Amino acid sequence: MQFYSTNNNGLRVSFKEAVFNSLPADRGLYMPERIPQLDPYFIQNLQQYSLQEIAFTVAKSLLGEDIPEADLHAIIRDAMDFEAPVKPLDSGTAVLELFHGPSLAFKDFGARFMSRIMAYLSGEEKSVLDVLVATSGDTGGAVALGFLGVLGTRVTILYPKGKVSPVQELQLTTNGQNIRSIEVDGTFDDCQSLVKEAFNDEDLRKKLRLTSANSINIARLIPQTFYYFNAYAQLLSQGIKEVVFSVPSGNFGNIGAGLMAYKMGLPVKRFIAATNVNDTVPRFLESGNYEPRPSVQTLANAMDVGNPSNWVRIMDLFDHDVAGLRKVISAYTYNDSETQIAIQTIFNRYGYVACPHTAIAWLAAETYRQQHPGAYATVFLSTAHPCKFPEVFPPEIAAKIIIPEQVKTLKGRRKEVMELPVDFAAFKSHLLKYP
Ligand SMILES: *Cc1c(COP(=O)(O)O)cnc(C)c1O
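Scope of this entry: the structure provided in the associated data block. Since this is a predicted model, take the numbers as computed values, not measurements. (Residues numbered from 1 in each chain as written. Predicted model: local features only at pLDDT ≥ 70, side-chain atom pairs only at ≥ 80, totals over all residues. Heavy atoms only, no water.)

1. Topic: the overall build of the protein chain
- Within the protein chain one finds 19 helices and 14 strands.
- The C-alpha radius of gyration of the protein chain comes to 21 Å, within 12% of the 22 Å expected for a compact globule of 435 residues.
- Along the first, second and third principal axes, the C-alpha set of the protein chain runs to 60 × 50 × 40 Å.
- Here the protein chain holds 435 residues, and the buried ones make up 60% of them. (Helix = DSSP H or I, 4+ residues; strand = E, 2+ residues; numbered from the N terminus. Rg over C-alpha atoms; globule rule 2.2 N^0.38 Å. Buried < 20%, exposed > 50% of the residue type's maximum accessible area, 1.4 Å probe, protein only.)

Next comes the structure, spelled out in structure tokens:
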């Protein structure tokens, strides 16, 4: 399969190039040159297959020419080693839990798959692959734990000092091995500019084999399609055939993967894009004008994105046909106080603790159901475990959060982090000093 740039349909690169470049030089995003159609018989019988079997078939349809079957099998067995259960809450509503991986967020699907793909594609390469990533929290944890112990790779994470949650900080700073973290005395944007500057520095590029674990990497998008098929498989075995997915959205990678699954043949009645007050896409679907705005800080901070980078991929999937998009996607926006009330309501009604991102997806699902009564199931995606955001919950709900093993093992570990000012020269010399 070859990949084109959303800014230049004539450009074609190999999968390997798309993975290691992350971004084409024209600042577009890579997309597969064609969307493969899965065998309808396979889709109608999805309930017979495990997550790993489904992931293999879906991945093979995209990457079958690039990676031999046995290798692809091994990559998927290793990367997709946790479940994504669909849990019914009432007769019409279920939650798809995507937080059972090592960093307790759905980003584990993308990060684990990408790390193994990168190690695999590095093949005979002698030099170590240096992965740089700037994070405001969730991405860094998923990337760190995704690459932890992956041979031939080492990861440098930059995060803004004092601006990540305690669990996130432990995930970023207690790994050792091939992971190191830098606490930057600045903002997330400062971290991102340092990383960008590193990629533009010719001297560094000569000395190190640099790559980015950015969320727009195509190797992160592909594995996110797997759990939509797997969710549908679980619904089929519960006797449900019609489904609406509600997806808490920030950069629109998660819902973009769902829409890709749809274009590959997965029958989905509708997708709901659920956002916080960073509502560029809901406004676009309403007005037809794409008008990004600077991001606003909210309780669901992993979705604080004013100009969602994956939106261009979705536009391409729909041939820029806004009317066509509106037939498949609805969008709803909620502010922080609505999010807090939703957390309380979900708890009162189901005894379920939802993280703020998840609560927004539930609210949107609920609103849609009320506006469109019918016999379908709404499945809202739970993108992170609530223990990652302890400050959001009132004490009686916080007390009900069951701390997972992944977090228990972090407690008491030694934090190892380098503190740096926003200074490229200091960052560069640190990169070159890696033992
Ligand atoms: C990253 C993230 C999101 C947003 O996902 P996108 O793919 O950027 O739309 C939602 N919830 C959580 C918990 C996240 O970490």
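2. Quick notes on the nonpolar core
- Counting residues in hydrophobic clusters, the biggest one holds 99 residues, and the most contacted among them are Phe15, Leu46, Tyr228, Phe229 and Phe245.
- Counting residues per element, this core draws most heavily on helix H10 (residues 218-237), which supplies 13 residues.
- The residues contacting Tyr228, other than those within four sequence positions of it, are Phe245, Val247, Asn254, Ile255, Ala257, Gly258, Ala261, Leu266, Phe271 and Leu381. (Core = buried A, V, L, I, M, F, W, Y, C linked by side-chain atoms within 4.5 Å. Contact = heavy atoms within 4.5 Å.)

3. Details of the sheet that holds strand E6 (residues 129-134)
- Spatially, E9-E6-E7-E8-E14 is the arrangement adopted by the five strands of the open sheet, whose pairing is parallel. Single-partner strands in this sheet number two, and they are strand E9 (209-212) and strand E14 (418-420). On average, adjacent strands in this sheet sit at an angle of 25 degrees to one another, irrespective of strand direction.
- Pairing between strand E8 (residues 179-184) and E14: three bridges, direction parallel. From the neighbouring strand, Ile182 faces E14, where its bridge partner is Met418. (Pairing = 2+ DSSP bridges. Axes fitted to C-alpha atoms, helices over the stretch in contact; angles between N-to-C directions.)

4. Digging into the site of the ligand
- Neighbouring residues of the ligand: 15 residues in total, closest Lys107, Asp138, Gly250, Asn251 and Thr383.
- Taking Asp138, its side chain carries an N or O atom lying 2.6 Å from an oxygen atom of the ligand.
- Interatomic distance of 2.9 Å between a backbone N/O atom of Asn254 and an oxygen atom of the ligand.
- The protein chains hide 95% of the 380 Å² of surface that the ligand would expose on its own.
- Class assignment for the residues of the shell around the ligand results in six nonpolar, seven polar and two charged. (Near = heavy atom within 4 Å. Polar contact = N/O pair within 3.5 Å; in protein donor to acceptor, adjacent residues only side chain to side chain. Areas by Shrake-Rupley, 256 points an atom, 1.4 Å probe, with all protein chains shown as cover. Nonpolar A, V, L, I, M, F, W, Y, C, P; charged D, E, K, R; others polar.)

5. What about the sheet that holds strand E4 (residues 86-90)?
- Strand order in the open sheet formed by six strands is E4-E5-E13-E10-E11-E12, with mixed pairing between adjacent strands. Bordering the open sheet on either side are E4 and strand E12 (329-333), each of which pairs with just one other strand. Adjacent strand axes in the sheet meet at a mean angle of 25 degrees when their direction is disregarded.
- With five bridges connecting them, strand E10 (residues 243-248) and strand E11 (residues 270-275) associate as parallel partners.

6. Considerations on helix H4 (residues 69-79)
- Of all the positions in H4, only Leu72, Ile75, Ile76 and Ala79 are classed as buried. Projected down its long axis, H4 shows its buried positions confined to an angular sector of 95 degrees, all on one face. In H4, those exposed residues whose orientation departs by more than 90 degrees from the buried face are Ala70 and Arg77.
- For H4, the elements touching its buried residues are helix H3 (51-63) and helix H5 (107-122). (Arc of directions from axis to C-beta.)

Fair warning: the whole summary comes from geometry, so function is off the table for now.
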